[in-house]
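Survey of secondary and tertiary structure
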Amino acid sequence: MGNQHSGVSKEHLDQLKEMSSFSETELKKLYRRFQMLDKDGSGTLTTDEFLSIPDLALNPLLERVLQIFDKNHDNEIEFSEFVSALSTLSHKGSKEEKLKFLFNVYDMDADGFIGNGELFQVLKMMVGTNLNDVQLQQIVDKTIIEGDLDKDGKISFDEFILMIGNQEGIEEKISVNWSD
């Protein structure tokens, strides 16, 4: 197995360094944080374990975000998935990666487009009962009409970037600070 460092093998650390923007020291710190979140010691994180983080528990999109973290779709987050997601969302991730992540939040069926129904579902998660379905549908329709430049009824990634990519402070809004 090689040298053990706080539960992660040297080989595994090297692989994670290759696939992320984190140093070995940062990865060890992240692993300790991961272990603290992993209440049952299973080596993976569940939605409930993420809900134990007060800031995240209040995020209406937490479950949707975790679905994107969960690359192998087993409803649990392995350390490598955790590192990959945080690498994208940290200050070291590129703006393009962050925007792709945000696009994926809305692209629920992962077909490369945001359809009317998908936008409605995600906005519903965000606004809860603050708007009724008719009001929400009006916002969705207006957004799709404005963003859908090729008039195919859905928003592509390129159209999404044109819609929100140049918004002031967009990158900071998608960034997560895990260094402390």
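Identification of the protein as Protein phosphatase 2B from Cavenderia fasciculata is taken from an unreviewed UniProt entry.

When its secondary structure is counted, the protein shows eleven helices and six strands. Each of the three principal axes of the protein carries a C-alpha extent, and together these read 55 × 30 × 30 Å. Scored against the burial criterion, the 180 residues of the protein give a buried share of 38%. Working note: accessible area of the protein is about 10,300 Å², and carbon and sulfur atoms make up 53% of it. Within the protein, the 34 negative side-chain charges are centred at a point lying 6 Å from the centre of the 18 positive side-chain charges.

This brings us to the domain arrangement of the protein. Here the protein is described as being made up of domain 1 (11-89) and domain 2 (94-179). On a C-alpha basis, the centres of domain 1 and domain 2 stand 24 Å from each other. Interface of domain 1 and domain 2: buried area, both sides summed, is about 1,400 Å²; carbon and sulfur atoms make up 72% of it. Looking at the side of domain 1 facing domain 2, the largest losses of area belong to Arg64, Thr88 and Leu89, adding up to 42% of the total buried there. Scanning the region where domain 1 abuts domain 2 turns up zero salt bridges. There are three residue pairs in polar contact (both at pLDDT 80 or more) connecting domain 1 and domain 2. Going through the elements one at a time, helix H2 (24-37), helix H5 (62-69) and helix H6 (79-89) are the ones with two or more residues in the side of domain 1 that touches domain 2. A class-by-class count of the residues in the side of domain 1 that touches domain 2 yields nine nonpolar, one polar and three charged.

Definitions and cut-offs
Residues numbered from 1 in each chain as written. Predicted model: local features only at pLDDT ≥ 70, side-chain atom pairs only at ≥ 80, totals over all residues. Heavy atoms only, no water. Helix = DSSP H or I, 4+ residues; strand = E, 2+ residues; numbered from the N terminus. Buried < 20%, exposed > 50% of the residue type's maximum accessible area, 1.4 Å probe, protein only. Areas by Shrake-Rupley, 256 points an atom, 1.4 Å probe, with all protein chains shown as cover. Lys, Arg positive; Asp, Glu negative; His and termini not counted. Charge placed at Lys NZ, Arg CZ, Asp CG, Glu CD. Domains from an automatic or database assignment. Buried area = accessible area lost by both parts, 1.4 Å probe. Salt bridge = Lys/Arg side-chain N within 4 Å of Asp/Glu carboxyl O. Polar contact = N/O pair within 3.5 Å; in protein donor to acceptor, adjacent residues only side chain to side chain. Nonpolar A, V, L, I, M, F, W, Y, C, P; charged D, E, K, R; others polar.

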